[in-house]
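Take a look at the letters that make up each chain.
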Amino acid sequence: MPIPRWSLIGVAILATATTASSQVATDSLAEHWSEGAADCRVHPPAPLEVHAVGVGTYILRESLCATSEAPFMYLLIGSTRAMLIDDGDVADPAEVPLAQTVLGLLPGAGASRLPLLVVHTHRHLDHRAGDTQFVHMPNVEVVGYDTASVRHFYHFTDWPNGVAQIDLGGRTVDVIPTPGHNETHVSFYDRNTTLLFSGDFMMPARLLIDDAGAERATAGRVAAFVRDRPVRAVLGGHIELDSTGETFSWGSHSHPGEHGLAMTKADLLALPAAVRAFNGFYTRSGPYLMIDSVRVLIVEGLALFLVLVGLIVVVVVLVRRRRAARAARGGVASGAPPPPQTV
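Heads up: these notes are all about the structure in this document. (Residues numbered from 1 in each chain as written. Predicted model: local features only at pLDDT ≥ 70, side-chain atom pairs only at ≥ 80, totals over all residues. Heavy atoms only, no water.)

1. Structural notes on the packing of helix H4 (residues 212-226) against helix H5 (residues 265-276)
What counts is decided by this rule: Interaxial angles span 0 to 180 degrees and are taken between N-to-C directions of axes, which are lines fitted to C-alpha atoms, for helices over the stretch in contact. Strands are runs of DSSP state E lasting at least two residues, helices are runs of H or I lasting at least four, and both sets are numbered from the N terminus onward. Roughly parallel covers angles under 35 degrees, roughly antiparallel covers those over 145, roughly perpendicular covers 65 to 115, and oblique covers all other angles. A clockwise turn of the near helix away from the far one marks a right-handed crossing, whereas an anticlockwise turn of less than a right angle marks a left-handed crossing. Here, residues are in contact when the closest pair of their heavy atoms is within 4.5 Å. By the convention adopted, Pro, Cys, Tyr, Trp, Phe, Met, Ile, Leu, Val and Ala count as nonpolar, Lys, Arg, Asp and Glu as charged, and the other residues, Gly among them, as polar.
At a closest axis distance of 9 Å, the pairing of H4 and H5 adopts a crossing angle of 150 degrees. Classified by the angle their axes make, H4 and H5 are roughly antiparallel. The two elements H4 and H5 cross, and the hand of that crossing is left-handed. Two secondary-structure elements touch here, H4 through Glu215, Arg216, Ala219, Gly220, Val222, Ala223 and Val226 and H5 through Lys265, Leu268, Leu269, Leu271, Pro272, Val275 and Arg276. Tallied by class, residues from the contact of H4 with H5 come to 9 nonpolar, 1 polar and 4 charged.

2. Some thoughts on the side chain of Ser198
The condition is simple: Throughout, exposure labels follow a simple rule: accessible area from a 1.4 Å probe, protein chains only, divided by the maximum for the residue type, with under 20% read as buried, over 50% as exposed, and the rest as partly exposed. Polar contacts, as counted here, are pairs of nitrogen or oxygen atoms within 3.5 Å of one another; within protein the pair requires one atom able to donate a hydrogen and one able to accept it, and residues that are adjacent in sequence qualify only if both atoms are side-chain atoms.
Tracing the backbone shows Ser198 in strand S10 (residues 195-199). Here Ser198 falls in the buried class, since its relative accessible area comes to 0%. One polar contact links the side chain of Ser198 to the main-chain carbonyl oxygen of Met202, over a distance of 2.5 Å. Apart from the residues within four sequence positions on either side, Ser198 is in contact with His185, Ser187, Val234, Leu235 and Gly236.

3. Observations regarding H4
Stated formally: Helix span, expected: 1.5 Å multiplied by one less than the number of residues in the helix.
Here H4 spans 21 Å end to end across 15 residues, near enough to the 21 Å set by a 1.5 Å rise per residue. Buried residues along H4 sit against strand S8 (172-177), strand S9 (186-190), S10 and H5.

4. As for helix H3 (residues 147-154)
Operational definition: This arc is taken over the directions from the axis of the helix to the C-beta atoms.
Taken as a whole, H3 has its buried residues at Thr147, Val150 and Tyr154. Each buried residue of H3 lies within a common arc of 65 degrees when the element is viewed along its axis, so the set occupies one face. Within H3, the exposed residues directed more than 90 degrees away from the buried face are Ala148 and His152. Of the surrounding elements, those touching the buried residues of H3 are strand S5 (116-119), strand S7 (164-167), S8 and S9. Downstream of H3 by a residue or two, His155 has a phi angle that is positive, lying close to 60 degrees.

5. Brief notes about the packing of aromatic side chains
Short version of the rule: When the centres of two rings from Phe, Tyr and Trp lie within 6.5 Å, Trp using its six-membered ring, the rings pair. Their planes under 30 degrees apart give stacked, over 60 give edge-to-face, and anything left gives tilted. Throughout this description, the term charge over a ring refers to an Arg CZ or Lys NZ atom that lies within 6 Å of the ring centre and within 35 degrees of the ring normal.
Under the criterion given, the structure shown has 7 aromatic pairs. Here Tyr154 and Phe156 contribute two aromatic rings whose centre-to-centre distance is 5.9 Å and whose plane-to-plane angle is 50 degrees, an arrangement assigned as tilted. By the burial criterion, Tyr154 is buried, and Phe156 matches it. Aromatic side chains Tyr154 and Phe188 sit 6.4 Å apart centroid to centroid with 65 degrees between the ring planes, which places their arrangement in the edge-to-face category. Separated by 34 residues along the polypeptide, Tyr154 in helix H3 and Phe188 in strand S9 bring together distant segments of the chain. Residue class for Tyr154 comes out buried when judged on its relative accessible area of 6%. When its relative accessible area of 0% is taken as the criterion, Phe188 is described as buried. Ring-pair connections join several aromatic residues into one group, and the members of that group are Phe153, Tyr154, Phe156, Trp159 and Phe188. Over the ring of Tyr145 we find Arg128, and its NZ or CZ is 4.0 Å from the ring centre. The lysine or arginine in question, Arg206, covers the ring of Trp250, its NZ or CZ lying 3.9 Å from the ring centre.

Spatial relationships are all this shows, so hold off on functional conclusions.
In structure tokens, the structure reads:
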């Protein structure tokens with residue numbers, strides 16, 4: 001009997017996870033991630049990569065062939081519960097067995113397995129599609145991603161001001177409201193590792209800004225939060241740049257020469273000035289490429305409309321001239337005087 005495709009995928013992923021769980025990596029932030037494939041049908045990479053960053057901290061990434069978004073997810077394990085930050089862009093466990101892999105990394109088994117909390121940096125589908133793999137599992141709590149659920153769960157009473165805390169048991173994680181890319185966005189600062197998990201707020205990728213005013217305020221608040229705190233690295237939700245800072249094309253399943261994942265505290269402290277320089281449409285400032293995708297689409301749509309109108313006008317003029325020329329030739333052939341010309 002042939003082995004089902006999902007079983008092969010699960011075995012490959014669990015093997016990766018087992019290797020990762022045995023590591024105590026001190027420099028795996030410089031890990032070289034899979035570049036995807038020029039043809040995913042011919043050379044598909046493993047659908048999920050797992051790397052340890054010290055004890056009890058894991059970075060997971062869905063492959064570029066599983067989804068061109070290739071989002072990063074982060075698992076933090078405390079003594080009383082674990083927390084998964086984001087759960088990716090793929091809902092089907094047969095394609096990406098995320099829940100199976102994450103549970104395999106947790107201490108214990110069955111009813112004694114460490115409880116898991118699943119949270120999201122924001123509500124965009126590529127950060128929460130995996131919810132369906134977790135929602136009916138015992139000892140797993142999936143936090144809602146809408147604005148009301150986010151404010152209620154973290155007890156934010158003056159959104160977007162204030163900082164909440166999550167206690168994982170010997171491991172405290174600060175939750176910082178970071179709207180701008182999306183109104184529900186939050187970032188997480190792990191006091192144990194001094195890693196800041198920034199989702200789509202800051203990353204080596206296009207920074208898509210829905211609300212420039214909120215983004216400016218967020219950048220200032222986060223810079224103030226980290227100014228007197230150690231930050232080993234800032235880890236975001238995606239990589240869309242190559243090592244020279246150029247963007248890969250939208251929807252690409254291949255990222256040769258990909259930029260590293262980790263950004264620095266200095267990069268974060270430079271973000272407020274960069275956001276202040278944002279022109280509201282498209283701005284490149286240092287390592288940041290900031291885009292208001294809605295405005296850009298409106299401008300592109302308007303430009304396309306004007307081009308179409310221009311083409312229609314040109315076609316109408318050419319057709320009228322051709323008809324006039326034909327009428328003139330017909331009048332000459334019949335000996336009739338040519339029609340009067342109008343200006």
